[in-house]
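So the chains spell out like this:
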Amino acid sequence: MAYSKNFTLLISIAISSLMVASASNFYQDFDITWGDGRGKILNNGQLLSLSLDKASGSGFQSKSEYLFGKIDMQLKLVPGNSAGTVTAYYLKSPGSTWDEIDFEFLGNLSGDPYTLHTNVFTNGKGDREQQFHLWFDPTADFHTYSVLWNPQRIVFYVDGSPIREFKNLESNGVLFPKNQPMRIYSSLWNADDWATRGGLIKTDWTQAPFTASYRNFNANACVWSNGKSSCNSKNNNPWFSQELDTTGQERLKWVQKNYMIYNYCKDSKRFPQGLPKECAFNI
């Protein structure tokens, strides 16, 4: 029995070591790019925080570029009166004809819900906003925000629930992000000219500094380096061909029915010449 217990203990230690070794480390994966000390990596690289005060916000970016992948990050948003603040978490390629996949969290008065703003840019053009309220308080604890990006689709997830799907509809004349590698970015900044109730509610600087926190980053993705992808042409990663199953499709419908507050594909006044082409297929 003693041998059995010792063997079990050794196996447990080995597994724990492997888990630690495979855990993300913000020192290895990201650079704080602006904020003059307002962005901090803490807990031996296991936690990252961004802060905003009247003088400046802060931000970071990934060391690597990615071309397709499943990206996960846990965030805990600015608590209390966060009106006027925006916490942005997104993938973006460089240049004037960039591609971009956006999560933006628009702050609000204490007790009022955050607005989760999503967008997809192709070749420098966005205007594909969908907005949601969340079914939990995103300031009370960490929650997981994910992007699945493969050649067929982009899916936005919150705690594993799909909230939005943007399909590859190139055959119908709709551009799709598939050729430009993107870095991951995040920033916390003041946008009280538009973020909360169209700019009616301003940032209350007596509440500063405002702080958002990040942990448990994971990128199961193709890293782009020196003009080459880390994935071979026969990419066997499950996410590379992943699509929403029946359960996922039902969950997507449930979220959009109950928590979507704006959908550009329903905004005919904004597009008097006709809704964008993808609206006939994506919604």
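We now turn to the structure provided with this report. (Residues numbered from 1 in each chain as written. Predicted model: local features only at pLDDT ≥ 70, side-chain atom pairs only at ≥ 80, totals over all residues. Heavy atoms only, no water.)

Moving on: the sheet that holds strand E6 (residues 85-92). Taken in spatial order, the 8 strands line up as E1-E4-E13-E6-E7-E8-E9-E16 in an open sheet, and their pairing is antiparallel. Here the strands that pair on one side only, and so sit at the sheet edges, are strand E1 (30-34) and strand E16 (260-263). The mean angle between the axes of side-by-side strands here comes to 15°, regardless of whether they run parallel or antiparallel. (Pairing = 2+ DSSP bridges. Helix = DSSP H or I, 4+ residues; strand = E, 2+ residues; numbered from the N terminus. Axes fitted to C-alpha atoms, helices over the stretch in contact; angles between N-to-C directions.)

We now examine the pattern of salt bridges. Under the criterion given, the structure shown has 11 salt bridges. Measuring nitrogen to oxygen at the nearest pair gives 3.8 Å for the salt bridge that ties Arg153 to Glu243. Of this pair, Arg153 sits in strand E11 (residues 153-158) while Glu243 is found in the loop between strand E15 (228-229) and helix H3 (246-259), placing the two residues 90 residues apart along the sequence. A residue is classified by how much of its surface remains accessible, and Arg153, at 11% relative accessible area, is buried. Taking the relative accessible area as the measure of exposure, Glu243 reaches 53% and is therefore exposed. Across the pair Glu250 and Lys253 runs a salt bridge whose closest N-O atoms are separated by 3.9 Å. Taken together, the residues span about one helical turn, with Glu250 and Lys253 both in helix H3 at a distance of 3 residues. Under the relative-accessibility criterion, Lys253 is labelled exposed at 53%. Here the salt bridges share partners, and the residues they tie into one network are Lys125, Asp127, Glu129 and Arg270. (Salt bridge = Lys/Arg side-chain N within 4 Å of Asp/Glu carboxyl O. Buried < 20%, exposed > 50% of the residue type's maximum accessible area, 1.4 Å probe, protein only.)

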